[in-house]
Amino acid sequence: MALLETRKYLQGSALGGVNPDLASERQTPSFSVEKLTALLDGGEENTRIRRAVVEAIESDPVFSRENQYFQSQNEKYEAAVRKAVHLQKKMHEMGWTENGPEFKYIYRALSGEIAFLLHTIFMRSISVLGSDKQIAKWIPLAMQYQLIGSYAQTELGHGTYLQGLETTAVFDITTQEFILNTPQISAMKWWPGDMGRSATHTVVFAQLYVQGKCHGVHPFIVQIRSLQDHSLCPGITAGDIGPKMSFEHIDNGYLMLQNVRVPRENMLSKFCEVQPDGTYVRRGSQQMNYLTMTAVRVALISHEAVTPLMKACTIAIRYSVVRRQSKLKPGEEEAKILDFQTQQEKLLPHLAAAYAFHFISNYLQDLFNRGYEEIQRENFSMLPELHAFSSGFKAIVTQYCASAVEVCLWACGGHGYSLLSGLPSLCTRILASCIYEGENTILFLQTARFLIKCFMAASAGHPVPPSVTYLAAVKPGKCPAKNKFDFLSPDIYTQAYRHAAVRLISSTAAKLQVLIQSGVKKHDAWNECTVQLVQAVKAHCLYITVKNFAETVERLETKGGIQKIMKHLCDLFALHGIFSNSGVFLYDGHISGAQMDMVTASYLDLLAVIRKDAVPLVDAFDFTDKTLNSALGSYDGQVYQRLYEWARKSPTNTQTNPAYEKYLKPLLHKKLSKL
Amino acid sequence: MNADLRRERAAATFQPELLTHILDGGPDRTRRRKEIGGNVINDPDFQHEDLNFLSRSQRYEQAIRKSSLMVMKLREYGIADPEEIYWFKRTCLGSFPEPFGLHFSMFQKTLETQTTDAQKEKWLPLVRGVKIIGTYAQTEMGHGTHLRGLETTATYDPATQEFILNSPTVTSIKWWPGGLGKTSNHAIVLAQLYTQGQCKGLHAFIVPIRQLGTHEPLPGITVGDIGPKFGYDEMDNGYLKMDNFRIPRENMLMKYAQVEPDGTYVKPLSDKLTYGTMVFIRSLIVGDSAHSLSRACTIAIRYSAVRHQSELKPGEPEPQILDYQTQQYKLFPLLATAYAFHFVGAYIKDTYRRISGDINEGDLSELPELHALTAGLKAFTSWTANAGIEECRMACGGHGYSRCSGIPDIYVTFTPSCTYEGENTVMMLQTARFLVKSYTQVSSGQRVTGMVSYLNDLSRQRIQPQHVAARTVMLNDPVSLVEAYKARAAWLVEAAAKNLEAELNHRRSKEDAWNKTSVDLVQASEAHCHYVIVKLFAAKLAEVSNAAVRAVLTELCLLYALCGISKNTGDFLQAGILTDAQITQVKQRVKELLAAIRPNAVALVDSFDFHDSHLGSVLGRYDGNVYENMFEWAKKSPLNKTEVHESFHKHLKPMQAKL
C-alpha cells in the first residue's frame, strides 16, 4: 500500500475512509448483516437499546480507554474507581436502572474495565444468604455506596475446596460476638477483588465454632476499613496482592484477621443462625446457594468468554484481509493472508465456535430461567441438571475460547504481540476465566459425577433429565455417509457426536464398575478414571453444542440469507471438531477411514465458502472501534497508520530516555566504572 | 525446607546430579556452569527490585543498566566462550530479554560474516568495544516473513558514491527490531538495492541512526519505540523511517555482492550462505523451547507437591494436588516433552557445529536438510512449549495467574518465538516443501538420505502396510514406537503429496494447488518432526550409563511417545498402524506411567538445576516455602506503597458525600 494511496484515504474521517481491501470484503455479503446483528441481540429493539447505551458511554470522556495500554497498575486502578463512581452519576442522568433493559449492556460498553464488581457480589450474597432483617439493614447502605463491599472466600492455601478453609469465627457468648482469626499464613484471605484498596466491608467465610464445636463454613459481614478516613480497622491487615497477568485495574487483596470482633447479627443467617444462648439452628434448603453459582457461571459464559472471542475474531479477521504477505500467484500482488488455507484454518473454525457458543449460551440462559421459575415454586428437581450444565459448559466454553483467543493473537503475526493490537489484553483476561468461579478440571469432574449417575440410572431403566435421555438409547450403528456431501447433513454429524459421547461415557462408567468390583475403593477408582471422565464430559458438551446449533439453524428465518450462512457455520463447527479429533470418531469404526477423508474434504471446502463472508460475519458482532480498542481491528482497516500514530503516543517516545544519560553514555564513552 | 518437598526428594529412585550432568553434557560443564552462575548470583551489583513492580520505562532502564554491567563484568571475569557467555547472561536476565541482545547476536554476527576485510577492520573493533551499539533492521510494518516484499530502498548515487535510503510508504517503516527504539546508534538495514536504474534485490547496509555524543536522531532519520507489548517490556523494539538518508558506498556489506564506484553490480556466488545464520538462530529457539518449558514445569511440579487441596480419601487430610491423576496428566507429559526437546536442541546444535565446518569449506550438501529440519522443529517445539507453559500456569490454579508465580513472564517472553525468526506455519510449510521434494525423488526411483530415508520404504510397504505395522508395534519398547511414528509420518507425507498431485491435476497454478493442500502439508510436517523427536529421545537412552537414570528416562521417553499417540489417535487408527484395542492399551499404559513417574517428579525437575534467582518464581522456590514468601512479595506491590490509596480521597470520599 503506497503512501500516495494512504493520503487518498486521509480525506474522509480522522484517518481517512475505509481501506479498499476491507471495503471490497463488504461488497457482496451473502446475508443481511443488520439482520444477523439483530438475531445475535435477540431482536431489533435490543440492538437499538444496546447501541444507545454504547453511544452514551463512549461519548463520555470519563469512560475513555484511550490511554489503557500506557497506564501503570496504579493508574489503571484509579481509572477503574473513577469510572465506577462516574457510572453512578451516568445511570442517574440517563435514567438507567439495575432492572432496566439497558443495564446488561453497560458492562459490555465499558469492556469490564471498572471497579466495584465485587460490591455487586457482596450485595447478592447478602440478598441470598441474609435474613430479611439483614437485607433491610445492609442493602440500602450498599446501594447508596455508604460502604463498599467485597466477598472474601478464597484463602492463600485454599481455593476450590470450601471445607478446607482455615479462617475461624468463634462465638463469645458473654459479649454476643464472633471473634474472627486467621490462624496461620495459609489461612489469609487472598484474591478477593476490590479488597486490596477499596472495600470498607467484606463477607468473610470462616469455620464457625460455638462452644468448642465446629459447624463448618459460614459467612460473616466484617468491616475492614474506617468509614471516615479509610484506614484499616483494628486487628485487620489488608492490602493488594501485587501484579497479575491482567485485571490490573482490580485491587485483588489479602486480608488477615487478628481477634476481630463482630456482633452476632453479622453472621448471614437465612439458613443458619447462632442464637444468643449459643444454640446453632439450621433451616431451609441451602440449595439456593447452588443457584447463585449457577447464575454466575451461566452469565460469565457470554460476558467473559464468548464476547472476548468475538472481539478477537473481529480483530484477527479484519487484519487478515488488510495484511498482505507472499504471493499466491506469480506476478500478482502479495495475497491477503486470509486467502491462505492455513490462515483460514486458524481463524474460521473459531469464528464458527463463537456463534456455536453464543447459541449454547442462549440455551443455557433459557434453561436457567425455566429452572429459576420452578425453584420459585419450591420445585428443586431441575437443580442438579442446571448445576451440571453450567459447570460443564463454563469449563468447556472458557477453555475453548481462551485458546481460540490465543490462536487469534498468533494469527496476527508480530503485530498481534503489540498491546496496541488489543489481543494481549483480551488474551490475559480470558485466561483467568478458566480458573475463577470454579477451576475447569474440577468443574468437568462435577459434571462427570452427574453424567455417570444419569448413565447408571438410565441403564437401570430409571427416568433421567431430558438432556441426558440420549444415554439410555444406545445404538451402536455405523455412520451412513456415502460421499462428502452427506457430511453436510446435521443428522449425520450430530449422530456421530452423540455416538462418541455415549461411547466415552459408557466405557468410563464400565471401567469404574470393573475397578470397584475388583475391590478398589470408590474414591481411588474415581481418581483412576478422572482423565477419561474429563474426556467424556467434553464429548457430552460438544454433542449438546452441535445439536443445539443445528436445531437453532432449523428454526431461523430463511429471509436475508441468515439461515444459509448459519448452516454453513454449523457444518464448519461440527466438521472441524471431527477433523481435529478424528481418533474419537474412528475408534470403534463409527466413522471409517474413507469417511474421514470425506469429512476432511467437506471441511476444507467449507473454509473456502465461509472465507467469502468472513468480514460481514465479524461485522455482525457490531463492536465499535472504541470497544475493540485495537490498532489492527478497526472498522476502516487503516491498520498501519493507526499503529504508527498510537506508537508515537507511547510514553517511551513522549518522555526523555533516562537510561541514556545514566548508562548508555558512560558505556559508550567508556566510563564504565561509574555505572 | 518444606516437609512435603523434603519427602519427595528423599523418595527419588535416582540421583538428580547425574541427570544434570547429562543435560549439561558432562560433570565438568555442570561445574563450570554453576561457577559462572554463582558469579552473577553473589554479585550485589546485579541485585534489583522485582521487575514486576516497575513501570515499563523503569524496566527498560534496569535492563540497560544490567546490559552495560554485563559488558563490564564479562571482561572482569574473563568469560569469552559463547556458551559460557550464554550461561552468564541467562542467570543474569532470568526470562527477560536484553536491549543489547541484537548488538551481540545479529549486528556483530552479520558484520563478522558478511563484510570484506577492510570493513571488518573498520567496524569490528567499534562493535566489540561497544563504541557503537547496533541492531538488525529487517522486518517492516507491512512485511515480515516474505523478505522479497520489503519496500525500503537504497539507491546508489555514483556522483557522490553514496546510497540514498528511503522508506517510501507507511508500510515500509522498519518495525520491531529490538534495541532500535532508544538504545542503538547504528543499524544494519535490509533494503532493495537500486543501481543503474535496476532493482538488484535485498542487501544489507550499515546505517548510523543517532548522533554519537548526544544520542539525538540524525537528520533524515525518524526513530522511536513501538509501544507496549504482551511481554518484552525491557526491550525497546523500535521503528525507523528514513528520508533521503545518505550513507557512503562502503557501508554496504560487500563480502558477497558488491556495487563498484561507477555503480556496476557484482553478483554473489551463492544465496544459500545466509541459511547458516538462520539454522543457527532457529536451533537456539529449539533449545529455548526446552529451557522455557523446563522452567515452567519446575515451578508447576514443585508447587503441586506443596499445595494441598480437597479430598481424595474420605476423612484423610487434603492431599498434595500432584496426587490427582488429572494433575499428573497435565504436567508429566510436559515434563517428558521438556526432556525430549532438550535432547533435540542438543542434537541440532551438534549437527550444526559439525557441518558448519563444511559450510566454511564451501560444502553445502547437508545444509538443505538441516535447514528444512530446523524450520519444522523450530515451529513444532515452540508451539508445543508455548501451549505447555500455559498449561503449567493453569495447573497452578489462581496463584499461577499472579506475576509472583513467574510463569506469566516466562510465557509472554517465550510466546513471540512462535512468530519471530520465521512464522511457525510458514516454517512448517518449508519443511513440507522438503518432504514433498524427497517424496517425489523416491517416486521417481531415487533414494533419499538422512531423517527422511523412511520415505524409501514406502514402495516396499505398499503391499499391505496396515497389518504388518499393527502386529509389530510394542508399546513398551521405545524403538518399536519410533517405527510407529515413522509409519505415521510416511503415511501423512504420502497423503499430502498425493493430494497435492490431485490438486495440480485440477487447477492451473502450482501455487494454488499448494495453498489448497497446505493444511495437509502442515500435518505431514508435524508428523515428520514428531517422529524425529521420538527417534532422538529413544536414541539418547542408549547413551545413559547409570541404570537408575536410564530407567527413569525410559519412562519419560515412553510417556512422551505414548501421549503423542493418545493425542493423535486418529492418524494411527486411520493409517492402520494401531488397532482400537492397542489404542485402549496406550491410554492405560499412559496412566500407569503417570503413577510410575510420580515418585520421581520433583527430582526430575530438580535435575534441571535452576537456581531460585534464575527461576524467578515464588511458587517454584527450591525450599517450597511458598505462602510466607507470597505475602512478603505482595507487600512490595506498588498499590501498597501507602496504606490509604489516593483514589480514596479523589473519588471514593466525594462520591459517598454526594450520594
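Residues numbered from 1 in each chain as written. Chains lettered and ligands numbered in written order. Predicted model: local features only at pLDDT ≥ 70, side-chain atom pairs only at ≥ 80, totals over all residues. Heavy atoms only, no water.

A. Quick look at the overall build of chain B. Helices and strands together make up the secondary structure of chain B, namely 25 helices and eleven strands. Taken over C-alpha atoms, the radius of gyration comes to 27 Å for chain B, in line with the 26 Å a tight globule of 659 residues would show. Its C-alpha atoms give chain B principal-axis dimensions of roughly 85 × 80 × 60 Å. Of all 659 residues assigned to chain B, the portion counted as buried reaches 62%. (Helix = DSSP H or I, 4+ residues; strand = E, 2+ residues; numbered from the N terminus. Rg over C-alpha atoms; globule rule 2.2 N^0.38 Å. Buried < 20%, exposed > 50% of the residue type's maximum accessible area, 1.4 Å probe, protein only.)

B. Structural context of the overall build of chain A. The number of helices and strands found in chain A is 24 helices and eleven strands. Taking 2.2 N^0.38 as the reference for a compact globule, 675 residues should give roughly 26 Å; the C-alpha atoms of chain A span a radius of gyration of 28 Å, in line with that estimate. Along the first, second and third principal axes, the C-alpha set of chain A runs to 90 × 80 × 60 Å. The buried share of chain A, reckoned over its 675 residues, is 61%. Counting only contacts in chain A whose residues sit at least 6 apart along the sequence, the fraction spanning at least 24 positions is 72%. (Contact = heavy atoms within 4.5 Å.)

C. Representation of the interface of chain B and chain A within the structure. Facing the 131 residues of chain B at the interface are 137 residues of chain A. Summing both sides of the interface, chain B and chain A together bury roughly 11200 Å²; the carbon and sulfur share of this comes to 61%. Looking at the side of chain B facing chain A, the largest losses of area belong to Phe230, Tyr401 and Leu639 of chain B, adding up to 7% of the total buried there. Where chain B touches chain A, the interface holds six salt bridges. With a closest N to O distance of 3.8 Å, Asp512 of chain B and Lys329 of chain A form a salt bridge. At the surface where chain B touches chain A, the tally comes to 57 residue pairs in polar contact (both at pLDDT 80 or more). Across the side of chain B that touches chain A, the residue classes break down as 49 nonpolar, 51 polar and 31 charged. (Buried area = accessible area lost by both parts, 1.4 Å probe. Salt bridge = Lys/Arg side-chain N within 4 Å of Asp/Glu carboxyl O. Polar contact = N/O pair within 3.5 Å; in protein donor to acceptor, adjacent residues only side chain to side chain. Nonpolar A, V, L, I, M, F, W, Y, C, P; charged D, E, K, R; others polar.)

D. Just the UniProt feature "domain: Acyl-coenzyme A oxidase N-terminal" (unreviewed entry) in chain A, in detail. Taking the numbering used here, the UniProt-annotated feature "domain: Acyl-coenzyme A oxidase N-terminal" (unreviewed entry) corresponds to residues 32-148 of chain A. For residues 32-148 of chain A, helix accounts for 68% and strand for 0%, while the C-alpha atoms at its two ends are 46 Å apart. (UniProt positions renumbered as here; feature names shortened; annotations may be inferred.)

E. Main features of the pairing of strand 9 (residues 245-248) of chain B. All names here are of chain B. Of the two faces of strand 9, only the one carrying Phe245 and Ile247 is buried; Arg246 and Pro248 on the other face are not. Looking at chain direction, strand 3 (residues 162-166) and strand 9 are connected through four bridges and run antiparallel. Opposite Phe163, over in strand 9, you have Ile247 as the bridge partner. (Pairing = 2+ DSSP bridges.)

F. Main features of the UniProt feature "domain: Acyl-CoA oxidase C-alpha1" (unreviewed entry) in chain A. The positions UniProt marks with the feature "domain: Acyl-CoA oxidase C-alpha1" (unreviewed entry) are residues 290-452 of chain A. As annotated, residues 290-452 of chain A comprises 77% helix and 0% strand, and the C-alpha atoms at either end are separated by 20 Å.

G. Just empty space enclosed by the protein, in detail. On inspection of all chains with the given rule, the structure shows three cavities of 30 Å³ or more. In this structure, the largest cavity spans a volume of roughly 90 Å³. Lining the largest cavity are 13 residues, and of these Thr652 and Asn657 of chain A together with Ser57, Tyr60 and Lys182 of chain B lie nearest its centre. Looking at the lining of the largest cavity, the elements that each hand over two or more residues are helix 23 (651-654) of chain A together with helix 4 (56-77) of chain B. A per-element tally of the lining of the largest cavity places helix 4 of chain B first, with three residues. Its residues assigned to classes, the lining of the largest cavity shows four nonpolar, five polar and four charged. Considering only enclosed or pocket space, the second largest cavity measures out at about 70 Å³ in volume. Forming the walls of the second largest cavity are Leu51, Arg59, Gln62, Ala63, Lys66, Leu93, Phe96, Pro97 and Glu234 of chain B. Element by element, the count of residues in the lining of the second largest cavity is highest for helix 4 of chain B, at four residues. For the lining of the second largest cavity, the residue count by class is five nonpolar, one polar and three charged. (1 Å grid on protein atoms, 1.4 Å probe; cavity = no way out; pocket = protein on both sides within 12 Å on 5 of 7 lines; lining within 4 Å. Points joined across faces, edges and corners; volume = space filled by probe spheres on them.)

H. Spotlight on the packing of helix 15 (residues 490-517) of chain A against helix 18 (residues 562-580) of chain A. All names here are of chain A. The contact between helix 15 and helix 18 brings their axes to 10 Å, and the two run at 35°. The chirality of how helix 15 crosses helix 18 is left-handed. Facing Pro490, Tyr493, Ala496 and Tyr497 of helix 15, the residues of helix 18 in contact are Lys567, Cys570, Asp571, Phe573, Ala574, Leu575, Gly577 and Ile578. Each residue belonging to the contact of helix 15 with helix 18 can be placed in one class, and the counts come to nine nonpolar, one polar and two charged. (Axes fitted to C-alpha atoms, helices over the stretch in contact; angles between N-to-C directions. Left-handed = near helix turned anticlockwise from the far one by under 90°.)

I. Representation of the UniProt feature "domain: Acyl-CoA oxidase C-terminal" (unreviewed entry) in chain B. Listed under "domain: Acyl-CoA oxidase C-terminal" (unreviewed entry) in the UniProt record, and renumbered for this structure, are residues 478-655 of chain B. Helix makes up 76% of residues 478-655 of chain B and strand 0%, with an end-to-end C-alpha separation of 69 Å.

J. Examining the sheet that holds strand 8 (residues 238-242) of chain B more closely. Read from one edge to the other, the open sheet built from three strands follows the order 4-8-7 (chain B), with strand pairing classed as antiparallel. Two strands lie at the open edges of the sheet, namely strand 4 (174-175) and strand 7 (221-225) of chain B, each paired on one side alone. Bridging between strand 4 of chain B and strand 8 of chain B involves two bridges; their strand directions are antiparallel. Of the residues in strand 8 of chain B, the one forming a bridge with Trp175 of chain B is Tyr239 of chain B. Packed onto the sheet, helix 22 (residues 639-648) of chain A meets strand 4, strand 7 and strand 8 of chain B and runs at close to 110° relative to strand 8 of chain B.

K. Representation of helix 6 (residues 103-110) of chain A within the structure. Residue and element names in this part refer to chain A. All of the buried residues along helix 6 are Tyr105, Ile106, Ala109 and Leu110. Within helix 6, the buried residues cover an arc of 135° as seen down the axis, which keeps them to one side. Looking one or two residues past helix 6, Ser111 carries a phi angle of roughly 50°, positive in sign. (Arc of directions from axis to C-beta.)

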